[in-house]
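Close look at the chain arrangement
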Amino acid sequence: MQIETLDITDIKLLFPRKFGDERGFFSETYSQSRFNQAGISVEFVQDNHSLSREAGVLRGLHYQCPPFAQDKLVRVVHGRILDIAVDIRKNSPTFGKWVSAELSADDWNQIFVPKGFAHGFATLEADTEVIYKVSAPYAPESERAIMWNDPDIGISWPFGADDVTLSAKDAAAMSFADYCNDPDF
């Protein structure tokens, strides 16, 4: 497995090996021992799977606060997304900074997003399916969201506000300034 560090070094882009022949392919998409060797020591407890019917579906920027904070390992099994991670660790030198990576079924890449980051993605193709592992179970009382288009963060999304499809919860997310007034990390 090839592992690249993004501009925020805690975020890793991973490229699992894929072995193909006339029958199809085989790929080991997760190996705890390989992750441990790469310095990623996480125990995943849950797998999630989402389907977005159209391009322009935006999910995020989500996180869960402690004690249910989640590390995530995200991959696309059909379609393409622009994946975003925002550092929300108040004492981090990259606090408020974000990184992005395009993930696709064709590129067979995945991204590791540790605790202390708000995470989101926008679908770039219709019928995009995303699978991700998390290190803590879903806990509605710990669920939080920061506005996807908050000007204080300044993410370069591929869509404008009129061209995205959001859930009601994401449309009502808090501002980054509100987060900074009472940070969870």
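Above this text is the structure in question.
Bear in mind that the values here come from a model prediction, so they are computed numbers and not experimental data.

All right, on to the sheet that holds strand β12 (residues 128-134) then. To summarise the sheet geometry, strands pair through backbone hydrogen bonds and adopt either a parallel or an antiparallel arrangement. Here six strands make up an open sheet; going across it, the order is β1-β2-β10-β7-β12-β5 and the pairing antiparallel. With one partner strand each, in any of the chains shown, β1 (2-5) and β5 (46-52) form the two edges of the open sheet. Across the sheet, the axes of successive neighbouring strands diverge by a mean angle of 25°, strand direction being ignored. In terms of strand pairing, strand β2 (residues 12-15) meets strand β10 (residues 110-113) through three bridges, oriented antiparallel.

Here the focus is the layout of surface pockets. The volume enclosed by the largest pocket comes to roughly 560 Å³. Together, 25 residues line the largest pocket, and H62, K72, Y132, Y138 and E143 are the ones closest to its centre. Of all the elements in the fold, those that place two or more residues in the lining of the largest pocket are β5, β6 (58-64), β11 (117-123), β13 (143-145) and α2 (168-171). No other element matches the five residues that β6 contributes to the lining of the largest pocket. Of the residues in the lining of the largest pocket, the class split is eight nonpolar, eleven polar and six charged.

Before going further, it helps to spend a moment on the nonpolar core. Ranked by internal contacts, the top residues of the largest apolar core, which has 19 residues, are L61, V86, I88, I146 and W157. Beyond its immediate sequence surroundings of up to four residues, W157 is in contact with L58, L61, L82, I84, G120, F121, A122 and W148. Core analysis: the next-biggest nonpolar cluster, separate from the first, contains 17 residues, V76, L103, I111 and V113 among them.

The next subject is the packing of aromatic side chains. Counting across every chain of the model gives eight aromatic pairs. For the pair Y63 and F185, a centre-to-centre distance of 6.0 Å together with 65° between the ring planes defines the contact as edge-to-face. Remark: F185 occurs in the segment after α3 (176-181) and Y63 occurs in strand β6; sequence separation between them is 122 residues. Three or more aromatic residues link up through ring pairs in this structure, and these residues are Y63, F95, F176, Y179 and F185. The ring centre of F25 lies 4.3 Å from the NZ or CZ of K18, which sits over that ring.

As for its position among the elements, D83 is in strand β8 (residues 80-87). One buried charged residue, D83, forms no salt bridge at all, with the nearest opposite charge on K72 at 8.4 Å. Sequence-distant contacts of D83, defined by excluding residues within four places in its chain, comprise V74, V99, S100, A101, L103, I111, V113, H119, G120 and F121.

Turning our attention to the pattern of salt bridges. Under the criterion given, the structure shown has ten salt bridges. Taking the shortest distance from any N to any O, the salt bridge between K133 and D47 comes out at 3.1 Å. With K133 in strand β12 and D47 in strand β5, the pair connects residues that are 86 residues apart, well separated along the chain. You can call D47 exposed: its relative accessible area is 51%. Between E143 and K169 there is a salt bridge, and its shortest N-O distance comes to 3.0 Å. Of this pair, E143 sits in strand β13 while K169 sits in helix α2, and the two are 26 residues apart along the sequence. What you see here is one network of salt bridges that share partners, running through D10, D87 and R89.

Conventions adopted
- Counting of residues starts from 1 at the beginning of each chain's written sequence and follows it residue by residue.
- Predicted model: local features are reported for residues with pLDDT of at least 70 only, side-chain atom pairs are reported and counted for 80 or more only, and whole-chain, interface and lining totals are derived from all residues.
- Hydrogens and water are ignored here; the side-chain numbers use all heavy atoms of the structure.
- A pair of strands is treated as paired once DSSP finds two or more bridges between them.
- Secondary structure elements follow DSSP: runs of H or I no shorter than four residues count as helices, runs of E no shorter than two count as strands, and numbering proceeds from the N terminus.
- Between the N-to-C directions of two axes lies an angle of 0 to 180 degrees, each axis being a line fitted to C-alpha atoms and, for a helix, fitted only over the stretch in contact.
- Definitions used for this entry: grid spacing 1 Å over protein atoms alone; cavity, a set of points where a 1.4 Å probe fits but cannot get out; pocket, an open set with protein on both sides within 12 Å along at least 5 of 7 lines; lining residue, one with an atom within 4 Å of a point.
- Grid points are joined across faces, edges and corners, and a volume is the space filled by probe spheres set on the points.
- The classification used treats Ala, Val, Leu, Ile, Met, Phe, Trp, Tyr, Cys and Pro as nonpolar, Asp, Glu, Lys and Arg as charged, and all other residues, Gly among them, as polar.
- By convention a nonpolar core is built from buried Ala, Val, Leu, Ile, Met, Phe, Trp, Tyr and Cys residues, the set being connected through side-chain atoms within 4.5 Å.
- The buried label goes to any residue with under 20% of its type's maximum accessible area, the exposed label to any with over 50%, and the partly exposed label to all in between, with areas taken from a 1.4 Å probe on protein chains only.
- Residues count as neighbours in contact if any of their non-hydrogen atoms are within 4.5 Å of one another.
- Put simply, two rings from Phe, Tyr or Trp (the six-membered ring, in Trp's case) pair if the centres are within 6.5 Å, and we call them stacked under 30 degrees between planes, edge-to-face over 60, tilted for the rest.
- Two conditions define a charge sitting above a ring: the NZ of Lys or the CZ of Arg must be within 6 Å of the ring centre, and it must be within 35 degrees of the ring normal.
- By the counting scheme adopted, Arg and Lys are positive, Glu and Asp are negative, and His together with the chain ends is not counted.
- What counts as a salt bridge is simple: a side-chain nitrogen of Lys or Arg found within 4 Å of a carboxyl oxygen of Asp or Glu.

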